[in-house]
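# Understanding the architecture of this molecule
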Amino acid sequence: MPTLIVALHDILTDPDHPVDLTALPAAEAAERIRALYGAFGDGVEVSISDGVATITLPEAQARRTDQALARFAEAYQASQRGRYPQAIRLYKEGLEILPGHVQSRRQLGMAYMEAGNPAAAKTQLIQALQLDPKDAWAYLILGNLYFHAEQDYGSAERYYATAHDLAPD
């Protein structure tokens, strides 16, 4: 089973209504984290110790992994050709098998943005950041989303700054 070890203050909750998980009792914080990671299937396990969450995601069936990776490759090619509905469908099919694939979840968010669905894009990008809070590209794309789709320049600047801090180049 894949395991993530993340400081509580690095776990991205809803960006429009953030929650300080460090201020909650451990049991309540663990329950909120389980809910945040619910899209990754049943059996998400969370333990909290000294401000750090250990999140164990359920393992996808090994024989289906190759199928998911093939879907991701097809989805990437479709998005490069501007075929966003096809890319979205293929990314979603692959993510049903490998819900913890950060790059594909981020790319799905980008495909949703290009297809004109910023709400769905935001959901996927936040889930990517829940899996990898240090994914600079996801922060950059969220910055673009807030800048262009929502004209929320303060939030855009915050996400751009985080992306820059994580990957200055």
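Quick note: structure is the one above.
Residues numbered from 1 in each chain as written. Predicted model: local features only at pLDDT ≥ 70, side-chain atom pairs only at ≥ 80, totals over all residues. Heavy atoms only, no water.

### A word on the overall build of the chain
To keep it simple, the criterion reads: Where helices and strands are cited, they refer to DSSP runs of H or I of at least four residues and of E of at least two residues respectively, numbered from the N terminus. In this setup the radius of gyration rests on C-alpha atoms only. A globule is expected at 2.2 Å times the number of residues raised to 0.38. Any residue under 20% of the maximum accessible area for its type is buried, any over 50% is exposed, and the rest in between are partly exposed; the area is computed with a 1.4 Å probe on protein chains only. Using a 1.4 Å probe, the Shrake-Rupley method yields the accessible areas, and only the shown protein chains count as cover for residues.
On a plain count of helices and strands, the chain comes out with seven helices and three strands. Taken from the N to the C terminus, the helices and strands of the chain come in the order β-α-β-β-α-α-α-α-α-α. Taken over C-alpha atoms, the radius of gyration comes to 16 Å for the chain, in line with the 15 Å a tight globule of 169 residues would show. Taking the principal axes of its C-alpha atoms as reference, the chain extends roughly 45 × 45 × 30 Å. Each of the 169 residues in the chain was classed as buried or not, and the buried ones make up 40%. Only carbon and sulfur atoms are counted for the fraction: they give 50% of the accessible area of the chain, which is about 9,100 Å².

### Remarks on the packing of aromatic side chains
Here is the rule: When two rings of Phe, Tyr or Trp (its six-membered ring) have centres within 6.5 Å they constitute a pair, described as stacked for plane angles under 30 degrees, edge-to-face for angles over 60, and tilted for the intermediate range. In our convention, an over-ring charge means Lys NZ or Arg CZ found within 6 Å of a ring centre and within 35 degrees of that ring's normal.
Under the definition given, this model contains four aromatic pairs. Counting every residue linked through ring pairs, the aromatic cluster contains Tyr139, Tyr146 and Tyr159. For Arg158, the ring lying beneath its charged end belongs to Tyr159, and the centroid distance is 5.3 Å.

### Topic: the pairing of strand 3 (residues 52–56)
Basically, it comes down to this: By definition, two strands form a pair when at least two bridges between them are found by DSSP.
Two strands pair when backbone bridges link them, and strand 1 (residues 3–7) and strand 3 are joined in this way by five bridges, in the antiparallel orientation. Residue pairing for strand 3: Ile5 is matched across the bridge by Thr54. As paired strands, strand 2 (residues 45–49) and strand 3 are joined by five bridges and run antiparallel to one another. Within the sheet, the bridge partner assigned to Ser49 lies in strand 3 and is Val52.

### What about helix 5 (residues 118–131)?
In plain terms, the rule: To estimate how far a helix should extend, the number of its residues minus one is multiplied by 1.5 Å. Contact definition: two residues touch when any of their heavy atoms are within 4.5 Å.
Its 14 residues place the ends of helix 5 20 Å apart at the C-alpha level, agreeing with the 20 Å of an ideal helix rising 1.5 Å per residue. Of all 14 residues that make up helix 5, 11 are buried, and the element is covered over most of its length. Taken as a whole, helix 5 has its buried residues at Ala120, Ala121, Lys122, Gln124, Leu125, Ile126, Gln127, Ala128, Leu129, Gln130 and Leu131. As for helix 5, its buried residues are in contact with strand 1, helix 1 (26–36), helix 3 (84–97), helix 4 (102–114) and helix 6 (136–149).

### Concerning the pattern of salt bridges
Rule in force here: Criterion for a salt bridge: a side-chain nitrogen of Lys or Arg within 4 Å of a carboxyl oxygen of Asp or Glu.
Enumeration according to the criterion identifies seven salt bridges in this entry. Note that Asp10 and Lys134 form a salt bridge whose closest N and O atoms lie 3.8 Å from each other. Taken as a pair, Asp10 in the loop between strand 1 and helix 1 and Lys134 in the loop between helix 5 and helix 6 lie far apart in primary sequence, 124 residues in all. Of the residues examined, Asp10 reaches a relative accessible area of 27% and is grouped as partly exposed.

### Examining the layout of surface pockets
Where we set the bar: Cavity means a closed set of points on a 1 Å grid over the protein atoms alone, one where a 1.4 Å probe fits but cannot get out, pocket means an open set with protein on both sides within 12 Å along at least 5 of 7 lines, and lining means a residue has an atom within 4 Å of a point. Grid points are joined across faces, edges and corners, and a volume is the space filled by probe spheres set on the points.
Taken as a whole, the largest pocket spans an internal volume of roughly 370 Å³. Lining of the largest pocket is provided by 20 residues; of these, His9, Asp10, Ile11, Leu12 and Tyr139 occupy positions nearest its centre. Per-element accounting of the lining of the largest pocket gives the leading share, four residues, to helix 7 (residues 153–166).

### Topic: the environment of Ile126
Within the secondary structure layout, Ile126 lies in helix 5. Each C-alpha atom, one on Ile126 and one on Pro15, is 8.3 Å from the other, the two residues being 111 residues apart in sequence.

### Focus: helix 3
Relative to the 20 Å expected for 14 residues at 1.5 Å per residue, helix 3 spans 20 Å between its end C-alpha atoms, a close match to the ideal helical length. Within helix 3 the residues assigned to the buried category are Ala87, Ile88, Leu90, Tyr91, Gly94, Leu95 and Ile97.

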